[in-house]
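Examining the three-dimensional arrangement
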Amino acid sequence: MYIEWINHELDMYVVTNNRIIWIEQIGFLNREVSQCALNDVQEVNSKTKWFFANMFNYWDLTIQTAWNASNFKMEFVPDSLWASRKVLNIVEDYKWWNKKEL
């Protein structure tokens, strides 16, 4: 049970000014790192399931990209509705500023 908790606890998104980096802890000393440019983000969704997830405000967060192979999904994110809005605002600001520079 401790190893499962560590695997979940070490999963994270890192949002930089150019890309989103997804670090997923798969097992002990086994990690997968994926990334996509902010231009490639198409949708940011949060989805809830189960009674306790609603009660404690832990939802799933999904970032869908232009490349079907690199969709990011993080489960049991605290306050994921706020997190999805924040990521979407960062993506929209990035696209707006890059459009303005052209």
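Above this text you will find the structure in question.
The paragraphs below set out a description of the structure included in this document. On a predicted model such as this, the values are computed, not experimentally measured, just so you know.

Looking at unusual backbone geometry
For Asn57, which is not a glycine, the phi torsion comes out positive at approximately 60°. Its location among the elements puts Asn57 in the loop between helix H2 (51–55) and strand E5 (58–65). Unusually for a residue other than glycine, Asp79 sits at a positive phi of about 50°. Residue classification places Asp79 among the partly exposed residues on the basis of a relative accessible area of 35%.

Re the nonpolar core
Ranked by size, the top nonpolar core spans 16 residues in total, and within it Tyr13, Ile20, Val41, Ile63 and Phe72 carry the most contacts. For this core, the secondary structure elements donating two or more residues are strand E2 (19–27), strand E4 (41–47), E5, strand E6 (72–78) and helix H3 (80–101). Per-element accounting of this core gives the leading share, 4 residues, to H3. Here Phe72 is in contact with Tyr13, Ile20, Trp22, Ser34, Gln35, Cys36, Leu61, Thr62, Ile63 and Thr65, once residues within four sequence places are set aside.

Quick look at the sheet that holds E5
Strand order in this open sheet of 3 strands is E4-E5-E6, and the pairing throughout is antiparallel. Among the strands making up the open sheet, the edge pair consists of E4 and E6. When the angles between neighbouring strand axes are averaged without regard to direction, this sheet yields 20°. Pairing between E4 and E5: 6 bridges, direction antiparallel. Bridge assignment links Lys47 to a residue of E5, and that residue is Asp60.

Thresholds applied
Residues numbered from 1 in each chain as written. Predicted model: local features only at pLDDT ≥ 70, side-chain atom pairs only at ≥ 80, totals over all residues. Heavy atoms only, no water. Helix = DSSP H or I, 4+ residues; strand = E, 2+ residues; numbered from the N terminus. Buried < 20%, exposed > 50% of the residue type's maximum accessible area, 1.4 Å probe, protein only. Core = buried A, V, L, I, M, F, W, Y, C linked by side-chain atoms within 4.5 Å. Contact = heavy atoms within 4.5 Å. Pairing = 2+ DSSP bridges. Axes fitted to C-alpha atoms, helices over the stretch in contact; angles between N-to-C directions.

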